[in-house]
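Listed below are the residues making up each chain.
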Amino acid sequence: ASRNFDVLRSPVICVLGHVDTGKTKMLDTIRRTNVQLGEAGGITQQIGATRVPAEALKERCRKARNFDPDSVKIPGFLIIDTPGHESFANLRSRGSSLCDVAILVVDIMHGLEPQTIESLKLLLKRGTPFVVALNKVDRLYGYESNPQKDIYQHLKAQSSNVQLEFKERYEKIVTEFAENSVNVALSNQNKNTDEYVSIVPTSAFLGDGIGNLLAYIVDYSQDKLAERLAFCTELDCTVMEVRSLPGLGTTVDVILLNGTLKRGDIIVLTGTEGPICSEIRDLLMPAPLREIRVKGDYEHYASIQGAQGVKVLAKGLDNVVAGLPLFVCRRSDELEVLKADAQKQLEKALTSIKKKPEGVYVQASTLGSLEALLEFLKSQKIPYSNVNIGPVHKKDVQKAAAMLDRNAEFACILAFDVPVDRDVQQFADRENVRIFQANIIYHLQDNFINYREELRL
Ligand code: GDP
Ligand code: MG
């Protein structure tokens, strides 16, 4: 596939960090919408993407001193709203190059917290470049906000107490990073971005420092990642979500990293009941600076070039498995090969999961949620003997029933965000297999732990 260094694609950006550091707020502020309040249980469960076009970036970055808006060559940012590091790990482990730059959010009042350190390790392991947003600077005692200003100039204009508190907290956090073998420096003082990770003080809440953060990512992407961002014709497209919409039927939201999708393209995807082959009827993208999940108007496209978050309309997408690639069939003799490939992706993903001879049966709607659930079970020392993706069928119940002879406590299915038909439930009742169902992962965990305690009485 040919690469063109004159045409850069948008870098794909992920936001990671400990719970409550302000990841959702950061995304909201960048896209100026309010998704945070609409999330199920306040937890970011599903993956969405926001594209921030170059014009919007220039406007925000103007606030950073020494930033030249005319230097912007990338068409914008594509920001992924990750539901935490699990989905990130999961997408990355499939060999997807999905995240180009990460924003690691740290609460200046709390420093490095356990999930921050986990995210940090993951970023280092994957070699993903990242910038640290030292968030909630507005909580420094006596801090006066001004989101219009360059954050470094603005910090200098604060009272001496604020400056002192900033310095103390900043230095403590530098030490905490050093303890994790990472050298950090404030982005305006960082002369060597290969050796030192940059930190930008921010208030996701009030907007202070966001211009500096975005400006840093623009400069870094163009200076250090140009080769990686050079547009490539080879298709690199991952299904992030499968969703059913009134009037549109079941659609898939994809991240098109590289290459082009066109109306009329024959696509091949992985399904829970076998490979799915369909024709693209339409390609939709939300209006700029709006989140793909927020209801609103879509713009229609005949053809879209990466990197973009795209909603694909086609028939027969009901059973598509999220988290895996979408292929385009260019020649009819490729079709069978691509179908076999698509199905192998799921088998590979499921067989790569290490299972125990005795344990519960786990079933989820997506690979991302499955893996998040398995992480939790591991941390709780709950073994699992089998896993599956998609609706619970009788054959799943039969497999789970095999535990009745071994360890009855495990003769159950933890079903996350998947349908269980009434006849399947009746079958399970007859077979003495318990099915725990939930749409929020934490509810499922609570239900199961209650059940386990019940049995131990
Ligand atoms: P997440 O769990 O990392 O997604 O964190 P949220 O974005 O949900 O934020 C957690 C809480 O911190 C919310 O109550 C936010 O309003 C608050 N918050 C986020 N960013 C800031 C900030 O910059 N300053 C202050 N004071 N509060 C913030
Ligand atoms: Mg959140």
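Predicted model only: the values in this text are computed from it and were never measured.

Asker: Any chance you could break down the overall build of the protein for me, citing the residues and the numbers?
Answerer: Helices and strands together make up the secondary structure of the protein, namely 13 helices and 23 strands. When each of the 457 residues of the protein is scored for burial, the buried share is 44%. For the protein, contacts bridging at least 24 residues in sequence account for 72% of all contacts bridging at least 6.

Asker: I'd like a description of the site of ligand 1, backed by residues and values.
Answerer: The immediate surroundings of ligand 1 are formed by 16 residues, with Gly22, Lys23, Thr24, Lys25 and Phe205 found nearest. The element best represented in the shell around ligand 1 is helix H1 (residues 23-31), accounting for three residues.

Asker: Hey, could you go over the packing of helix H11 (residues 394-401) against helix H12 (residues 422-431) for me, with residue numbers and the actual values?
Answerer: Relative to each other, H11 and H12 sit at 20°, their axes nearing to 9 Å. Considering the angle they form, H11 stands roughly parallel to H12. Crossing handedness for the pair H11 and H12: right-handed. The residues of H12 that touch H11, namely those facing Lys394, Val397 and Ala401, are Val424, Phe427, Ala428 and Glu431. Residue classes in the contact of H11 with H12 are distributed as five nonpolar, no polar and two charged.

Asker: Could you give an account of the confidence of the model for the protein, naming the residues involved and the relevant values?
Answerer: Per-residue pLDDT for the protein averages 86, and the proportion of residues at 70 or more is 89%. Contacts for the low-pLDDT stretch residues 34-47, under 50 throughout, to residues beyond four places or in other chains number 26 contacts. Within the model, pLDDT remains below 50 along residues 83-89, and this stretch shows 22 contacts once partners closer than five positions in the same chain are excluded. Among the prediction metrics, the complex's ipTM stands at 0.99, with pTM recorded as 0.78.

Asker: Mind laying out the packing of helix H2 (residues 54-61) against helix H7 (residues 210-224), listing which residues take part and the relevant values?
Answerer: Contact geometry of H2 with H7 gives a least axis separation of 8 Å together with a crossing angle of 125°. In this view, H2 runs oblique relative to H7, as classed from their interaxial angle. Seen from above, H2 lies across H7 with left-handed handedness. Counting all contacts with H2, which are made through Leu57, Arg60 and Cys61, the residues of H7 involved are Ile210, Gly211, Leu214, Ala215 and Val218.

Asker: A description of the nonpolar core should follow, citing residues and the corresponding values.
Answerer: Ile103, Leu104, Val254, Val362 and Leu414 are the most contacted members of the largest nonpolar core, which has 118 residues in total. Among the elements that make up this core, the one with the highest residue count is H7 (seven residues).

Asker: Tell me about the pairing of strand S21 (residues 384-389), and name the residues and values.
Answerer: Consecutive side chains along a regular strand alternate between the two faces of the sheet. Note: strand S20 (residues 360-364) against S21, five bridges, orientation parallel. The residue of S21 that forms the bridge with Tyr361 is Asn386. Between the parallel elements S20 and S21, the chain passes through helix H10 (residues 367-379) in a crossover that is right-handed.

Asker: Lay out the sheet that holds strand S23 (residues 434-438) in plain terms, naming residues and giving numbers.
Answerer: Spatial strand order, S21-S20-S22-S23: four strands in an open sheet with parallel pairing. If you trace the sheet from one side to the other, it starts and ends with S21 and S23, each paired once. The sheet shows a mean angle of 15° between the axes of neighbouring strands, direction not considered. Of the strands in this sheet, S20, S21 and strand S22 (412-416) touch H10, which is tilted by about 150° from S20.

Asker: So, the sheet that holds strand S19 (residues 327-329): which residues are in play, and what are the values?
Answerer: Taken in spatial order, the three strands of this open sheet run S14-S13-S19, and their pairing is antiparallel. If you trace the sheet from one side to the other, it starts and ends with strand S14 (276-279) and S19, each paired once. If you compare each strand with its neighbour and ignore which way they point, the axes differ by 35° on average. The pairing of strand S13 (residues 266-269) with S14 spans four bridges and is antiparallel. By the bridge assignment, Ile267 is partnered in S14 with Ser278. Of the strands in this sheet, S13, S14 and S19 touch helix H9 (residues 335-351), which is tilted by about 165° from S19.

Asker: Could you give an account of the environment of Lys354, naming the residues involved and the relevant values?
Answerer: In this structure, Lys354 sits in the loop between H9 and S20. C-beta crowding within 10 Å serves as the criterion here: with 8 such atoms nearby, Lys354 is assigned to the exposed category. Counting along the chain gives 30 residues from Lys354 to Tyr384, while the straight-line C-alpha distance between them is 8.8 Å.

Asker: Explain H1 residue by residue, including any values.
Answerer: A large share of H1 lies buried, amounting to nine of its nine residues. When H1 is considered as a whole, its buried residues turn out to be Lys23, Thr24, Lys25, Met26, Leu27, Asp28, Thr29, Ile30 and Arg31.

Asker: Account for unusual backbone geometry, naming residues and giving values.
Answerer: In the segment running from Gly306 into Ala307, the intervening peptide bond is cis, with an omega of 0°. Turning to its location among the elements, Ala307 is positioned in the loop between strand S17 (303-305) and strand S18 (308-313). The phi dihedral of Asn66 falls on the positive side, at around 70°, and the residue is not glycine. Turning to its location among the elements, Asn66 is positioned in the loop between H2 and strand S4 (76-81). Asn66 gets classed as exposed once you count the C-beta atoms within 10 Å, which come to 8.

Criteria and cut-off values
- Residues numbered from 1 in each chain as written.
- Chains lettered and ligands numbered in written order.
- Predicted model: local features only at pLDDT ≥ 70, side-chain atom pairs only at ≥ 80, totals over all residues.
- Helix = DSSP H or I, 4+ residues; strand = E, 2+ residues; numbered from the N terminus.
- Buried ≥ 20, exposed ≤ 12 C-beta atoms within 10 Å, placed from the backbone.
- Contact = placed C-beta atoms within 7 Å.
- Near = placed C-beta within 6 Å.
- Axes fitted to C-alpha atoms, helices over the stretch in contact; angles between N-to-C directions.
- Parallel < 35°, antiparallel > 145°, perpendicular 65-115°, else oblique.
- Left-handed = near helix turned anticlockwise from the far one by under 90°.
- Nonpolar A, V, L, I, M, F, W, Y, C, P; charged D, E, K, R; others polar.
- pLDDT = per-residue confidence, 0-100.
- Core = buried A, V, L, I, M, F, W, Y, C linked by C-beta atoms within 7 Å.
- Pairing = 2+ DSSP bridges.
- Right-handed = clockwise from strand over helix to strand, strands pointing away.

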